Structure formats: C-alpha cells, structure tokens
Amino acid sequence: MVVSGVLELAATIDPDARRRLLVGHRVPIDVLRLPLTEAGLAYAHAVAAVCETRRAATDQQVARAQRLAQAGPPREAVGLQPFT
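Residues numbered from 1 in each chain as written. Predicted model: local features only at pLDDT ≥ 70, side-chain atom pairs only at ≥ 80, totals over all residues. Heavy atoms only, no water.

Peer 1: Could you give me a rundown of the nonpolar core, with the residues and numbers involved?
Peer 2: Formed by Val6, Leu7, Ala10, Leu21, Leu22, Ile29, Leu32, Leu36, Ala44, Val47, Val50 and Cys51, the largest nonpolar core amounts to twelve residues. Among the elements of the structure, α1 (2-10), α2 (15-24), α3 (26-39) and α4 (43-52) are those that each provide at least two residues to this core. In this structure, Leu7 is in contact with Leu22, Ile29, Val47 and Val50, ignoring residues within four places of it in sequence. (Core = buried A, V, L, I, M, F, W, Y, C linked by side-chain atoms within 4.5 Å. Buried < 20%, exposed > 50% of the residue type's maximum accessible area, 1.4 Å probe, protein only. Helix = DSSP H or I, 4+ residues; strand = E, 2+ residues; numbered from the N terminus. Contact = heavy atoms within 4.5 Å.)

Peer 1: Report on the packing of α3 against α4, specifying residues and quantitative values.
Peer 2: Relative orientation of the contacting elements α3 and α4 amounts to 140°, with a least axis distance of 9 Å. On the basis of the axis angle, α3 is oblique to α4. As α3 packs across α4, the resulting crossing turns out to be left-handed. Residue-level contacts link Ile29, Asp30, Arg33, Leu36 and Thr37 of α3 to Tyr43, Ala44, Val47, Ala48, Cys51 and Glu52 of α4. Per-class residue counts for the contact of α3 with α4 are seven nonpolar, one polar and three charged. (Axes fitted to C-alpha atoms, helices over the stretch in contact; angles between N-to-C directions. Parallel < 35°, antiparallel > 145°, perpendicular 65-115°, else oblique. Left-handed = near helix turned anticlockwise from the far one by under 90°. Nonpolar A, V, L, I, M, F, W, Y, C, P; charged D, E, K, R; others polar.)

Peer 1: Mind laying out α3, listing which residues take part and the relevant values?
Peer 2: Compared with the 20 Å implied by 1.5 Å per residue over 14 residues, the 21 Å span of α3 between its first and last C-alpha is a close match. When the local axis directions of α3 are compared, the greatest deviation, roughly 25°, occurs at Arg33, which is followed within four positions by the proline Pro35. Restricting attention to buried positions, one finds in α3 the residues Arg26, Val27, Ile29, Leu32 and Leu36. Positioned one or two residues after α3, Gly40 has a phi angle of 70°, which is positive. (Expected span 1.5 Å × (residues − 1). Bend = angle between axes of the 7 residues up to and from the residue.)

Here it is as structure tokens:
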C-alpha cells in the first residue's frame, strides 16, 4: 500500500522533507481516509491524524480526490504479458 509506505517514510525523515512528502501526497491520503474509517481499520486513526495536521484542501484538491476515487486503483499489468 503506497500511502502506508508514505506515512512510514514520513515518520523517519526530517520535518521539512516530511512536510513536502505529505503535501505532495495529500490527494491520495484524503481519498484513503473515508474507506479506512468506514471499514474500522487500524490505519484509519493514523491517516486521520495526518489529515488533521494539514490545512483544509483546496477546491481543486477536493475535485482531484473525487476523480481519483471514482477512477479506482490503477490496473496491474506487470507479469501479465504472456496472458494478454
């Protein structure tokens, strides 16, 4: 899971790099927050805490998050070459 990797990395780097990393991945983190919360998963609290530390999302970021959520995860094609 990419977002959990981003959060784990953010916990180990200096504050300026952490801020840049979390700001740069804001939209995927926001997309992940609601499903984790609805499912009652352990990561929900960590993601919510990260979201609480950031400024409110802009309208553009909200729209991007909605498009990303509607599109769903990217299709995996690695290793499928002989079968397509």
